[in-house]
Amino acid sequence: MLHCDQLTLRLGAFTLGPVCAEAQRGAITALVGPNASGKTTLLRALCGVLHGHGTVCADGQVVADCTAKERAGMLAFVPQRVQGDVPLTVEALVSLGRLRRPNASERIQAAMAALGLEALRARPVGQLSVGQRQRVHIARALAQIEPDGILVLDEPTAPLDPDWAHRVWVVLHGVAEAGGTVLSSVHDLAAARAVADDAWLLRDGLLVGSGSATSMLEPAGLESLFGTAFVALGDNALPMPAWMDGADVS
Amino acid sequence: MSRQRLCGVGLLLLGAVAVLVLRLLVDRDPLSGDISLAWPEPAWRGLRLHAALAGAALGGALALSGTLLQASLRNVLAAPSLLGVASGAGLGVMAVLYVAHVSGMHASSGMWTLGAFIGAMGALLLVLQLGRRDGWPDAVTTILAGVIVATMASAGMVLLQGLVPEGLRGRFLAWAMGTVPELPEPGLLWSTVALLGVAGIVAFLGAARLDALLLSEDTAITIGAQPERVRTLCLLAAGLLTACAVALAGPLAFVGLVAPHMARRLLGSGHRLLVPGSVLAGIVLVVGADALRQVLDLGAGRLPVGVLTTLIGGPAFLVLLRRAMRGSHAAL
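Residues numbered from 1 in each chain as written. Chains lettered and ligands numbered in written order. Predicted model: local features only at pLDDT ≥ 70, side-chain atom pairs only at ≥ 80, totals over all residues.

**Some remarks on the overall build of chain B**
Within chain B, the regular secondary structure consists of 13 helices and four strands. In terms of C-alpha radius of gyration, chain B reaches 19 Å, essentially the compact-globule figure of 20 Å for 332 residues. Seen through its C-alpha atoms, chain B measures out along the principal axes to roughly 60 × 50 × 35 Å. Looking at chain B as a whole, 53% of its 332 residues are labelled buried. (Helix = DSSP H or I, 4+ residues; strand = E, 2+ residues; numbered from the N terminus. Rg over C-alpha atoms; globule rule 2.2 N^0.38 Å. Buried ≥ 20, exposed ≤ 12 C-beta atoms within 10 Å, placed from the backbone.)

Structure representation (structure tokens):
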């Protein structure tokens, strides 16, 4: 479980919070909001990369009071822009997930297998496509945590093709099913509605809504969040911007 | 370890042993110009052993310094000579010698090293500050700032040379060109060897932390690598290693740039192999250049070893700069 209470952070002219929210164990929580609403800042603050006021707790422990080693054992983070020109091999980079953890080659191998990286294990990461690099970093994060750990991801599927985006969501669903906590920012609202259990809505640095994904990610709420009309699509009422329904961009 | 990497380790090890043996055996008759390979007479044995050991110590120290700078700044062009660290250290030593000369004091090896360390760290901090862009040292801007600081420090050294008497000036000049000493100050030599040993072992054991510095700051923090602490330690160690090497032999250019790249070509970018590989490559470069200069006489006596390392390293730097400008860091 990842929990924050009165989390406030000032970054230049931007102010985040105060934010009070909780990502539940055994669930995927989608963080949704317009550009520059503070999603990345919030995720970085929750992981202890940025330090603000208020409290962040990971599985009951105050993150700010943890040592770097303890924090690395509790939660893993996949940033939005992964380093592209890393001159390490795929296997070496995924293994760095266990830098401060007991070596567990079976977790490293399992993470690489889950992200389809076995054939690329000896390739330098810098020679891979953007999507492949993203999979490497997700595998590194998977190798880092225990099966019931906390995984924080910033738009993990943005550079992935539809097939790999689906496979990554399946992997994340597996983490949640094993008792882990998954918190991910998402711009693909249909995917968020389809895979997430809960959702946090963020606007101008403030949490304007949190609850089940089905209740949060419905057209009226999203219209007020993004300032554009949404329609519900299909039996699952997946939200889609209204302009895409018979879109004419001429 | 793959067969290719194993061959790389063997090649560097063999190369280091070969140049050390060559430095002990090679000789050139100054009158006839005949070159011979023979175990030296007892009178020369000590000098050659010391020269070989000094060359190995400073080659290893400069190479390790370059490896640590490249990792901590995430910049494949970083090196003690290109960041002004070596020239800063040189200016520090010159300043100590000048103050000692003016005040009539004896400048001990400890004072040399202290002067070099203050000069090295001063130059490094200045360059990092000047090269900063969006809070992080930009690769090319940092090198430009380093070249400017190095040029200023070199001008300072020339200025100090002009302020000392004729007899001392020759010694200043020879040292400033970079010369592997045949009679090194024992305190300086052994402190360089000890520092290289300690820094090399710590870097080898912390190789995974150095690998983590190659990742983005957010990733490095969240995997528990403590990048700020590791980076500070690396910069301090690089400054100390360069200070010792410069105090021992003068500012030798490009060894700290070329040696890590030689090792990277053979052993890859993982620091578990790169750290010892760079040290071996540094030994090959410096002791090899020192052995080569024993047999080269263009009419004005033996060339300073710094001239040879610059002739090798300069073109290598231009190739690396071209690659870096193309954004092909990953291929390096």
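**Here's the deal with the overall build of chain A**
When helices and strands are tallied, chain A shows nine helices and twelve strands. Judged by the C-alpha coordinates and their principal axes, chain A covers about 50 × 40 × 35 Å. Looking at chain A residue by residue over its 250 residues, the buried ones come to 46%. Contacts in chain A between residues far apart in sequence, at least 24 positions, make up 66% of those at least 6 positions apart. (Contact = placed C-beta atoms within 7 Å.)

**Notes on the interface of chain B and chain A**
The parts lose accessible area when they come together, and the size of an interface is often stated as this lost area. Opposite the 19 residues of chain B that make contact, chain A presents 25 residues. Listing elements by their share of the side of chain B that touches chain A, those giving two or more residues are α8 (207-212) and α9 (217-222) of chain B. If you tally residues by element for the side of chain B that touches chain A, the top one is α9(B), at four residues. In terms of residue class, the side of chain B that touches chain A is made up of nine nonpolar, eight polar and two charged. (Nonpolar A, V, L, I, M, F, W, Y, C, P; charged D, E, K, R; others polar.)

**Describing the pairing of strand β11 (residues 230-233) of chain A**
Both β11(A) and strand β12 (residues 238-241) of chain A contribute to a ladder of four bridges, which runs antiparallel. Looking across to β12(A), one finds that L233(A) is bridged to L238(A). (Pairing = 2+ DSSP bridges.)

**As for the sheet that holds strand β1 (residues 2-11) of chain A**
Residues and elements named next belong to chain A. Overall, antiparallel pairing links the four strands, which are arranged β2-β1-β4-β5 in an open sheet. Looking at which strands have only one partner, the edges of the open sheet turn out to be β2 (14-23) and β5 (61-62). Relative to β2, β1 runs antiparallel, the two sharing seven bridges. Pairing of L2 across the sheet is with A23, part of β2.

**A look at the environment of C20(A)**
Residues and elements named next belong to chain A. With respect to the helices, strands and loops of the structure, C20 is situated in strand β2. Taking the number of C-beta atoms within 10 Å as the measure of exposure, C20 has 14 and is therefore partly exposed. As for C20 and Q83, which are separated by 63 residues in sequence, their C-alpha atoms are 31 Å apart. If we ignore the near neighbours within four places in the chain, the residues touching C20 are C4, D5 and Q6.

**Section: helix α1 (residues 39-46) of chain A**
Residues and elements named next belong to chain A. Summarising burial for α1: seven of the eight residues are buried, a large majority. Along α1, the residues classified as buried are K39, T41, L42, L43, R44, A45 and L46. Downstream of α1 by a residue or two, G48 has a phi angle that is positive, lying close to 85°.

**A closer look at the sheet that holds strand β8 (residues 181-185) of chain A**
Residue and element names in this part refer to chain A. An order of β6-β7-β8-β3-β9-β10 is seen for the six strands of this open sheet, with the pairing classed as mixed. Looking at strand neighbours, the two that pair on one side only are β6 (75-78) and β10 (206-212), the edges of this open sheet. On average, each strand axis in the sheet is tilted by 15° relative to the strand beside it, whichever way the strands run. On top of the sheet, helix α6 (residues 162-177) reaches β3 (27-32), β7 (150-154) and β8; it is set at about 125° to β3, its chief contact. (Axes fitted to C-alpha atoms, helices over the stretch in contact; angles between N-to-C directions.)

**Section: the confidence of the model for chain B**
Residue and element names in this part refer to chain B. Looking at chain B as a whole, the pLDDT averages 86, with 96% of positions reaching at least 70. When mean pLDDT is taken per element in chain B, α8 scores highest with 94 and strand β4 (residues 136-137) scores lowest with 72. Note that residues 328-332 has pLDDT below 50 and, in this model, 18 contacts with residues that lie over four places away or in other chains. Here the predicted complex scores 0.86 on pTM and 0.90 on ipTM. (pLDDT = per-residue confidence, 0-100.)

**A look at unusual backbone geometry**
Phi at A36(A) is positive, roughly 65°, even though this residue is not glycine. Within the fold, A36(A) resides in the loop between β3 and α1. A tally of 12 C-beta atoms within 10 Å means that A36(A) is categorised as exposed. Positive phi, normally seen in glycine, also occurs at F254(B), with a value near 75°.

**Let's talk about the environment of Q134(A)**
Residue and element names in this part refer to chain A. Mapping Q134 onto the fold places it in helix α5 (residues 130-144). When the C-alpha positions of Q134 and V78 are compared, they lie 8.6 Å apart, and in sequence the two are 56 residues distant. With residues up to four places along the chain from it excluded, the contact list for Q134 reads V82, P156, P159 and L160.

**What about the packing of helix α4 (residues 109-130) of chain B against helix α7 (residues 186-205) of chain B?**
Pairs of packed helices are described in terms of their axes, by the angle between the two and the distance that separates them. All names here are of chain B. Where α4 contacts α7, the two axes come as close as 8 Å, and the packing angle between them is 50°. One finds that α4 runs oblique with respect to α7. Every pair of crossing elements has a handedness; the one defined by α4 and α7 is right-handed. Facing S109, G110, W112 and T113 of α4, the residues of α7 in contact are G187, L188 and S191. The residue inventory of the contact of α4 with α7, partitioned by class, reads two nonpolar, five polar and no charged. (Parallel < 35°, antiparallel > 145°, perpendicular 65-115°, else oblique. Left-handed = near helix turned anticlockwise from the far one by under 90°.)

**Digging into helix α6 (residues 166-177) of chain B**
The α-helix advances 3.6 residues per turn, and as a result positions three or four apart in sequence lie on the same side. All names here are of chain B. Relative to the 16 Å expected for twelve residues at 1.5 Å per residue, α6 spans 17 Å between its end C-alpha atoms, a close match to the ideal helical length. Of the residues making up α6, those classed as buried are F172, W175 and A176. End-on, the buried residues of α6 take up no more than an arc of 100°, which puts them together on one face. The outward face of α6, more than 90 degrees from its buried face, is lined by the exposed residues E166, G167, G170 and R171. (Expected span 1.5 Å × (residues − 1). Arc of directions from axis to C-beta.)

**Structural notes on the packing of α4(B) against helix α10 (residues 227-249) of chain B**
Residue and element names in this part refer to chain B. Between α4 and α10, the least distance of the axes is 8 Å, while the angle of their chain directions is 135°. Our classification of the angle between α4 and α10 gives oblique. In this structure, the crossing between α4 and α10 has a hand that is right-handed. Here W112, T113, A116, F117, A120, M121 and L124 of α4 lie close against α10, whose contacting residues are L235, G239, L240, T242, A243, C244, V246 and A247. For the contact of α4 with α10, the per-class residue count stands at twelve nonpolar, three polar and no charged.

**Things to note about the environment of W200(A)**
By secondary structure assignment, the location of W200(A) is in strand β9 (residues 198-203). Apart from residues lying up to four places away in sequence, W200(A) is in contact with A21(A), T29(A), L31(A), L207(A) and S210(A).

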